[in-house]
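Here is how the chains run, residue by residue.
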Amino acid sequence: MRARDESDLAACVAVLRAVHLADGYPVDWPADPADWLRPDGDGRAWVAERAGRIVGHVSLVRPAPDDVAPGLLRRRGPAPAERAVSVVSRLFVDPAARGLRVGALLLARAARTAHADGARAVLDVVTTDTAAIALYERLGWEFLGTGQQRWGPDLLVTVRCYAAPAASRSSLRETP
């Protein structure tokens, strides 16, 4: 696992295409997939490698004003230390690398980084992505509720929202 840089984008797009063909993520294929992977502002991104090949990706970004998950977390009245929120974004794992804990490791990196920044990581997932939902719940991510999220000018989807487990939970560790 390492920070993603510009030279990784072509390989990340190739993995993203494989994920899109296998799972339909992203729901709406971007016109410029490399640009879609670039976090806005001060966001950060990481890649997972296996045998020198990129097999997964995750980014951590500031919430947008219309993001559902941060609002659901804040409505629960989080502890003062958890009022700051970071959003897990662009998480995907090469279908050929599934079952190797790549997704868990990427999520742990994002959650630990958010925690180190004094924030709590949140994410959303379309309600039909049962494999991702099972992963988040198995790793102890807290279900916050469902809502309608705009994923583009013409795309409104129903999402399930989750918050990272408390920092003391073992699922924030990077090693299995």
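Located above this text is the structure these notes cover.
This section reports on the structure supplied with the text. Per-chain numbering applies: the sequence of each chain, read as written, is numbered from 1 onward. Since the coordinates come from a predicted model, pLDDT governs what is reported: local features require at least 70, and pairs of side-chain atoms require 80 or more to be given and counted, while whole-chain, interface and lining totals use all residues. The side-chain quantities take in all heavy atoms of the structure and omit both hydrogens and water.

Side note on helix 5 (residues 130-138)
When accessible area is computed with a 1.4 Å probe and restricted to protein chains, residues below 20% of their type maximum are described as buried, those above 50% as exposed, and intermediate ones as partly exposed. Each helix is a run of H or I in the DSSP string that is no shorter than four residues. Each strand is a run of E no shorter than two, and both are numbered from the N terminus. If you check which residues of helix 5 are buried, you get Ala 132, Ile 133, Leu 135 and Tyr 136. Burial along helix 5 is one-sided: seen end-on, the buried residues are contained in an arc of 160 degrees. Exposed side chains of helix 5 directed beyond 90 degrees from the buried face belong to Thr 130, Ala 131 and Arg 138. Looking at the buried residues of helix 5, the elements they touch are strand 4 (85-93), helix 4 (102-116), strand 5 (120-126) and strand 7 (156-163). Phi turns positive one or two residues past the end of helix 5, at Gly 140, with a value near 85 degrees. Of all possible arcs, the one meant is that of the directions from the helix axis to the C-beta atoms. Here, two residues are considered to be in contact whenever any of their heavy atoms come within 4.5 Å of each other.

A look at the nonpolar core
Ranked by size, the top nonpolar core spans 28 residues in total, and within it Val 88, Leu 107, Tyr 136 and Trp 141 carry the most contacts. For this core, the secondary-structure elements that each account for two or more residues are strand 2 (44-50), strand 3 (53-61), strand 4, helix 4, strand 5 and helix 5. Ranked by residue count, the leading element in this core is helix 4, at seven residues. Apart from the residues lying within four places of it in its own chain, the contact partners of Trp 141 are Val 88, Leu 107, Ala 111, Ala 121, Val 122, Leu 123, Tyr 136, Tyr 162, Ala 163, Ala 164 and Pro 165. As used here, the term nonpolar core means buried Ala, Val, Leu, Ile, Met, Phe, Trp, Tyr and Cys residues forming a set that is joined through side-chain atoms within 4.5 Å. Core analysis: the second largest hydrophobic core is formed by 14 residues, Leu 72, Val 122, Val 126 and Cys 161 among them.

Focus: the pairing of strand 3
The buried count for strand 3 comes to eight of nine residues, which makes it a mostly enclosed element. Pairing of strand 2 with strand 3, which is carried by seven bridges, proceeds in the antiparallel orientation. Bridged to Arg 50 within strand 3 is Arg 53. Linking two consecutive strands that pair antiparallel, namely strand 2 and strand 3, is a turn of two residues; a positive phi of about 55 degrees is found at Ala 51 within it. A pair of strands is labelled paired if DSSP reports no fewer than 2 bridges between them. Sheet topology note: the strand 3/strand 4 ladder contains five bridges and is antiparallel. Looking at the pairing, Val 61 lines up with Val 87 of strand 4.

The analysis is restricted to geometry; functional conclusions fall outside its scope.
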